[in-house]
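Structure at a glance
Given next are the chains, with one letter for each unit.
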Amino acid sequence: MAKKEDEDETVEEKQKEEEKVEPIDTDYEYKDIKDLPGVGAATASKIRNAGYMDIISLATANPLELAEICEVGEPTARKIVAEAREASKMNFMSGLEFEDKRKSVQRISTGSQAFDILLGGGVETQAITECYGEYGSGKSQLAFQLAVNVQLPKEKGGLEGHAIWIDTEGTFRPARIEQLAVAKNVDPKEVLQNIRIGRAYSSDHQALLVDKIPELINKDPKIKLIIVDSMMALFRAEYVGRGTLADRQQKVNVVLHTLQRLADRFNIAVYITNQVMARPDVMFGDPTVAVGGHIIGHVATYRIYLRKGKKGSRVAKLVDSPSLPEGEAVFEITANGITDAEEEKKK
Ligand code: GTP
Ligand code: MG
């Protein structure tokens, strides 16, 4: 009998112990990745180069992805993620904390008021914005404009920030940047200086360049925009035939997730472009579909479909967004860059 009471007491104590609320450990950054059990300096550096800059980003990593990029076995990767979770005492964020994080979201103007309104104020940080459309629809032009606009003062629609540009098609044009800078009354050479360009020659090279971004951010904390123009060109060229499609999508997925993590972690806007491919099997409706289809669709926060409109105008359609209504905006591409369409301006 006495023994039973003892047992009850222990159970009660245990319950009390469990009810104690663990304080949220917001001080997780004091610990370095290399301090995790089972992670040596070499692995730590591989992990960091892969874009996981701190314990918290590692705690949210996908073990399979980690195993692949860091070239460790799957069990090791699982153990590392588990240790990171333990070390960061990962808790759910309260709605209020989440709201606070959202408050730090900033926006870069596209140059067109109508387009900005469609996007809820411009291209957002902490998100991937994808633009897809046919040849000449203006995907790269928007990239040029954003690379200039991000550098403008806040009251002019910028973030006083710098940009990284991953060019997979060799279409980056310094002269166009200078032209747009002059139109905005800013020093063209300085604007060019503040854009880091990486020319990718293969999909592996593209992935490698993305992995190098954390290093660039460490050196230049003013980076506020990452452009990948275009996201899928090299992947599409290299992976032909359906046999390798899953493999391709998996690699694209890794790159996209790295970009999303960078966007979240450093409050950066990510802008990627994507060609559309003709679909001979579609007889009615829109015969085009974004290359890389559903993979990008699931990762990108905002998807914009660009097409040519009347009298040389362009139409942007918001296809997918977490909170904004679907809609369209008409704008123009001029020598001075992206502006509202003439008719829109008159309104
Ligand atoms: P792809 O990369 O080929 O898939 O196309 P894209 O969507 O990237 O097209 P891009 O952004 O390069 O748009 C090119 C179009 O922008 C041209 O066909 C022109 O219509 C327009 N454009 C580019 N520069 C100027 C300019 O200086 N003045 C004017 N008026 N239009 C321009
Ligand atoms: Mg282009």
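Our structure's up above, just so we're on the same page.
The notes below deal with the structure included here.

The rules we used
Residues numbered from 1 in each chain as written. Chains lettered and ligands numbered in written order. Predicted model: local features only at pLDDT ≥ 70, side-chain atom pairs only at ≥ 80, totals over all residues. Heavy atoms only, no water. Buried < 20%, exposed > 50% of the residue type's maximum accessible area, 1.4 Å probe, protein only. Helix = DSSP H or I, 4+ residues; strand = E, 2+ residues; numbered from the N terminus. Axes fitted to C-alpha atoms, helices over the stretch in contact; angles between N-to-C directions. Parallel < 35°, antiparallel > 145°, perpendicular 65-115°, else oblique. Left-handed = near helix turned anticlockwise from the far one by under 90°. Contact = heavy atoms within 4.5 Å. Nonpolar A, V, L, I, M, F, W, Y, C, P; charged D, E, K, R; others polar. Salt bridge = Lys/Arg side-chain N within 4 Å of Asp/Glu carboxyl O. Near = heavy atom within 4 Å. Polar contact = N/O pair within 3.5 Å; in protein donor to acceptor, adjacent residues only side chain to side chain. Areas by Shrake-Rupley, 256 points an atom, 1.4 Å probe, with all protein chains shown as cover.

Burial within helix α8 (residues 139–149) is extensive, with nine of its 11 residues counted as buried. Burial in α8 covers these residues: K139, L142, A143, F144, Q145, L146, A147, V148 and N149.

Relative to each other, helix α4 (residues 63–70) and helix α5 (residues 74–88) sit at 120°, their axes nearing to 8 Å. For the element pair α4 / α5, the angle class is oblique. In the crossing of α4 with α5, the sense of the turn from one axis to the other is right-handed. Across the interface between the two elements, P63, L64, L66 and A67 from α4 touch E74, A77, R78, I80 and V81 from α5. Here the residues of the contact of α4 with α5 are counted per class, giving seven nonpolar, no polar and two charged.

A few words now on the pattern of salt bridges. In total, this model carries 12 salt bridges according to the counting rule given. Between K189 and E178 there is a salt bridge, and its shortest N-O distance comes to 3.1 Å. Within this pair, whereas K189 is found in helix α10 (residues 188–193), its partner E178 is found in helix α9 (residues 174–183), the two being separated by 11 residues in sequence. Overall, K189 belongs to the exposed group, its relative accessible area being 54%. In this structure, the salt-bridge partner of R307 is E328, at a minimum N-O distance of 3.1 Å.

A few words on the site of ligand 1. As a structural note, the neighbourhood of ligand 1 is formed by 14 residues, with Y135, G136, K139, S140 and Q141 the closest of them. Within the contact set of ligand 1, an oxygen atom lies 3.3 Å away from a backbone nitrogen or oxygen of S137. The side chain of K139 places a nitrogen or oxygen atom 2.8 Å from an oxygen atom of ligand 1. Protein contact buries 64% of the 670 Å² of open area that ligand 1 shows by itself. The biggest single contributor to the shell around ligand 1 is α8, with three residues.

The quantities given are spatial measurements derived from coordinates; they are silent on function.
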